[in-house]
Amino acid sequence: MKYLKLIRYQNLFMLAFMQLIFRYGFLKLQNIPLALADWQYGLFVLATLCVTAGGYIINNIFDVETDLENKPEKVIVGKIISETKAYNLYIGFTIIGVAIGFYLSNVIDKPSFASLFIIIAATLYFYATSLKQSLLIGNVIVALLLAFSVLIIGIFDLYPVTFEGNRPLMGLLFGILLDYAVFAFILNFIREIVKDLEDEEGDSNQGMNTLPIAFGVKRTTKLVFGLSFIPIICIVYYINKYIFSSSLLISTLYGLVFILAPLIYFTLKIWTARTKKDFHFLSTLLKWILFFGMLSIVVISLNLKHNA
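Described below are features of the structure shown in this document. Bear in mind that the values here come from a model prediction, so they are computed numbers and not experimental data.

Conventions and cut-offs
- Each chain carries its own residue numbering, running from 1 in the written order of its sequence.
- This being a predicted model, a pLDDT of at least 70 is required before a residue's local features are given, and a value of 80 or more before pairs of side-chain atoms are given or counted; all residues contribute to the totals for chains, interfaces and linings.
- Note: side-chain values were computed over all heavy atoms of the structure, leaving out hydrogens and water.
- Helix and strand labels come from DSSP, where a helix needs a run of H or I of at least four residues and a strand needs a run of E of at least two; each type is numbered from the N terminus.
- Based on C-alpha atoms, the radius of gyration is set beside the globule rule, defined as 2.2 Å times the residue count to the power 0.38.
- Expected span, for any helix, means 1.5 Å times one less than how many residues it has.
- The term bend refers to the angle at a residue between two fitted axes, each drawn through seven residues, those ending there and those starting there.
- Any pair of Phe, Tyr and Trp rings, taking the six-membered ring for Trp, is counted once the centres come within 6.5 Å. Such a pair is stacked with planes under 30 degrees apart, edge-to-face with planes over 60 apart, and tilted for the rest.
- Accessibility here uses a 1.4 Å probe with only protein chains present; expressed as a share of the type maximum, an area under 20% marks a residue as buried, one over 50% as exposed, and anything in between as partly exposed.
- Like-charged residues are merged into a patch within 9 Å and nonpolar side chains (Val, Leu, Ile, Met, Phe, Trp, Tyr) within 5 Å, provided each residue has over 30% relative accessible area and no salt bridge.
- Residue burial considers only the protein chains on display, and all accessible areas are found by Shrake-Rupley using a 1.4 Å probe.
- Every case where a carboxyl oxygen of Asp or Glu lies within 4 Å of a side-chain nitrogen of Lys or Arg is listed as a salt bridge.
- Pairs of N or O atoms within 3.5 Å make up the polar contacts considered here, provided that, within protein, one atom can donate a hydrogen while the other can accept it, and that residues adjacent in sequence are counted only when both atoms are side-chain atoms.
- What makes a nonpolar core is a set of buried Ala, Val, Leu, Ile, Met, Phe, Trp, Tyr and Cys residues whose side-chain atoms join them at distances within 4.5 Å.
- Contact criterion: two residues are considered in contact whenever any of their non-hydrogen atoms come within 4.5 Å of each other.
- Note on method: axes are straight lines fitted to C-alpha atoms, helices fitted across the in-contact stretch only, with angles between N-to-C directions ranging 0 to 180 degrees.
- In these notes the angle categories are as follows: under 35 degrees is roughly parallel, over 145 is roughly antiparallel, 65 to 115 is roughly perpendicular, and the rest is oblique.
- For any helix crossing, the convention is left-handed if the near helix is rotated counterclockwise from the far helix by under a right angle, and right-handed if that rotation is clockwise.
- Any residue outside Ala, Val, Leu, Ile, Met, Phe, Trp, Tyr, Cys, Pro, Asp, Glu, Lys and Arg is labelled polar, Gly included; the first ten of those are nonpolar and the last four are charged.

With respect to the overall build of the protein chain
For step 1, the next point in the chain: On a plain count of helices and strands, the protein chain comes out with 14 helices and zero strands.
For step 2, the next point in the chain: Tracing the protein chain from N to C terminus, the helices and strands come up as α-α-α-α-α-α-α-α-α-α-α-α-α-α.
For step 3, the next point in the chain: Taken over C-alpha atoms, the radius of gyration comes to 20 Å for the protein chain, in line with the 19 Å a tight globule of 308 residues would show.
For step 4, the next point in the chain: When the backbone C-alpha atoms are referred to their principal axes, the protein chain occupies close to 60 × 45 × 30 Å.

Observations concerning helix α7 (residues 137-157)
For step 1, the next point in the chain: Over its 21 residues, α7 extends 30 Å from the first C-alpha to the last, a length consistent with the 30 Å expected when each residue adds 1.5 Å.
For step 2, the next point in the chain: Within α7, the axis deviates most sharply at Val150, by approximately 30°.

Some points on the packing of aromatic side chains
For step 1, the next point in the chain: For the structure on display, the rule yields 20 aromatic pairs.
For step 2, the next point in the chain: Pairing Phe225 with Phe229 gives two aromatic rings, centres 5.2 Å apart and planes at 85°, and the pair type is edge-to-face.
For step 3, the next point in the chain: Judged by relative accessible area, Phe225 falls into the partly exposed class, the value being 23%.
For step 4, the next point in the chain: Pairing Trp288 with Phe291 gives two aromatic rings, centres 5.6 Å apart and planes at 80°, and the pair type is edge-to-face. Separated by three residues within a single helix, Trp288 and Phe291 lie in helix α14 (residues 276-307), roughly one turn from each other.
For step 5, the next point in the chain: Joined through ring pairs, the aromatic side chains of Phe13, Phe17, Tyr254, Phe258, Trp288, Phe291 and Phe292 make up one cluster.

With respect to a nonpolar patch on the surface
For step 1, the next point in the chain: A surface patch of nonpolar side chains, about 450 Å² in accessible area, is lined by Leu249, Leu253, Leu256, Val257 and Phe258.
For step 2, the next point in the chain: Positionally, Val257 belongs in helix α13 (residues 249-272).

Brief notes about the side chain of Ser301
For step 1, the next point in the chain: Residue position: Ser301 is located in helix α14.
For step 2, the next point in the chain: Given the relative accessible area of 8%, Ser301 is considered buried.
For step 3, the next point in the chain: For Ser301, the side chain forms a polar contact with the main-chain oxygen of Ile297, separated by 2.7 Å.

Side note on the nonpolar core
For step 1, the next point in the chain: Counting residues in each nonpolar core, the largest one holds 93 residues, and the members touching the most others are Phe22, Phe44, Phe156, Phe266 and Met294.
For step 2, the next point in the chain: Considering each element in turn, this core owes the most residues, 15 residues, to helix α8 (residues 167-198).
For step 3, the next point in the chain: If we skip the residues at most four places from it in the chain, Phe22 touches Leu27, Val150, Ile153, Leu177, Tyr180, Met294 and Ile297.

What about the pattern of salt bridges?
Any two side chains of opposite charge can pair, on the condition that their charged atoms come close.
For step 1, the next point in the chain: In total, this model carries six salt bridges according to the counting rule given.
For step 2, the next point in the chain: The closest approach of N and O atoms between Asp38 and Arg23, which form a salt bridge, is 3.0 Å. One end of the pair, Asp38, is in helix α3 (residues 38-62); the other, Arg23, is in helix α2 (residues 9-24), and 15 residues separate them in sequence.
For step 3, the next point in the chain: The partly exposed category is assigned to Asp38, whose relative accessible area is 41%.
For step 4, the next point in the chain: We note a salt bridge from Asp157 to Arg23, for which the minimum N-O separation is 2.4 Å. Of the two residues, Asp157 is situated in helix α7 and Arg23 in helix α2; the sequence distance between them amounts to 134 residues.
For step 5, the next point in the chain: A cluster of three or more residues bridged by salt bridges with shared partners is formed by Arg23, Lys28, Asp38 and Asp157.

A few points about the environment of Gly55
For step 1, the next point in the chain: You can see Gly55 is positioned in helix α3.
For step 2, the next point in the chain: With 175 residues separating them in the primary sequence, Gly55 and Ile230 have C-alpha atoms 29 Å apart.

Here's the deal with the packing of helix α6 (residues 114-129) against α7
For step 1, the next point in the chain: At a minimum axis distance of 11 Å, the contact between α6 and α7 shows a crossing angle of 165°. As the angle between them shows, α6 and α7 are arranged roughly antiparallel. As for the relative orientation of α6 and α7, their crossing is left-handed in sense. Every residue of α7 that contacts α6 at Leu116, Phe117, Ile120, Thr123, Leu124 and Tyr127 is listed here: Gly138, Ile141, Val142, Leu145, Phe148, Ile152, Ile155 and Phe156.
For step 2, the next point in the chain: Taken together, the residues that form the contact of α6 with α7 break down as twelve nonpolar, two polar and no charged.

If you want it as structure tokens, here you go:
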């Protein structure tokens, strides 16, 4: 169990689930050719999980002092697992992930795509060792990496089998993946700031330069309040233009109940949030909104198929 906590297995499970639902709850239902066989896509998900797990481990290694301030009960490196063993696990997970990515890139005859896994692994390392301390840069990087975990599905599974005859359809499907990636970026960027609000005291003691430390908790809370209207507006626009207008009642209700309503609730609560407990709750709420947001692709796909 200690090793599962080190790699943050809950987040890895959510990432794997997200990549699987986009493949089997969306792309597989479109009656189109896909570049990867099912077992190869399983390796693709495994490669993503290994690189991400490596990122969590190296982050835990460099976050020990900060976590002792913010979440002492969750510190693993140095208390349960030695730093040397943690480094070895980081190297092992990262090498396995990059190696699988190299193999898959050659399978689809795009060997240069292996560099994507190398870039992601390097970014996670520099995030943990230096970029995390930079104002907003760390927040942007984490949000971008989550968004890219959606886009990379299209890069490996759609792009290699795209040709002139199916380009419009493939472009449409890739555009849908891009929409979800943008949604994931916006929501996760906001969540990263909320997590900084939650950890403001410990981060300040460790000399970090997060937004709440630079601008104060109250001002940052108001900024998050303003930012929270962006996903609300996006969801309302998307439901009105693409779902409600298509008379997809189930998809519309799903979007309103599981995505829009919780987002509005978040906006109302963040205005009055002040304590560490408040920010932890709101961070968890955003995580669930992101989960149900990703799951909506299955609901919409099945709803469309039923009405076809």
